[in-house]
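Given next are the chains, with one letter for each unit.
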Amino acid sequence: LLEILPWLDAVESFNGHCFSDRPNTQAAAFCRDKHIPHTARSDAHYSFEIGMAGFLIEEFQSKQEFLQSLRTSEIFGKRSKLHLRMMSRLSRMIK
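Bear in mind the structure is a predicted one, so any value in this text is a computation, not a measurement. (Residues numbered from 1 in each chain as written. Predicted model: local features only at pLDDT ≥ 70, side-chain atom pairs only at ≥ 80, totals over all residues. Heavy atoms only, no water.)

Caption draft 1: Inspection of the overall build of the chain at higher detail. When helices and strands are tallied, the chain shows three helices and four strands. When the helices and strands of the chain are read in sequence order from the N terminus, they spell out β-α-β-β-α-β-α. Principal axes of the C-alpha set define a box for the chain whose edges measure 45 × 30 × 20 Å. Evaluated residue by residue, the chain yields a buried proportion of 29% over its 95 residues. Surface accessibility of the chain: about 6,900 Å² in total, with carbon and sulfur atoms responsible for 57%. Side-chain charges in the chain split into 13 positive and 11 negative, and the spacing between the mean points of these groups amounts to 10 Å. (Helix = DSSP H or I, 4+ residues; strand = E, 2+ residues; numbered from the N terminus. Buried < 20%, exposed > 50% of the residue type's maximum accessible area, 1.4 Å probe, protein only. Areas by Shrake-Rupley, 256 points an atom, 1.4 Å probe, with all protein chains shown as cover. Lys, Arg positive; Asp, Glu negative; His and termini not counted. Charge placed at Lys NZ, Arg CZ, Asp CG, Glu CD.)

Here you go:
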């Protein structure tokens, strides 16, 4: 990741479908340490999970304003329930 850091605009620091908190915690620490903006997503595998996590940013009109808004974005949400994360993992194993 360090090799491509100069080309990154932001890093996802919260994914609502991570099986444990560890990847989210590590990603958030990386963003803080490297002073890079962060994003979040619910990673919905089922329609009712849409919008359970994300980030809020100020309005923007250009790419530069968007990138600046990312620096002050606000992460919200929570991880999906354990049984849903397990169902997703099981369905991948069955395929």
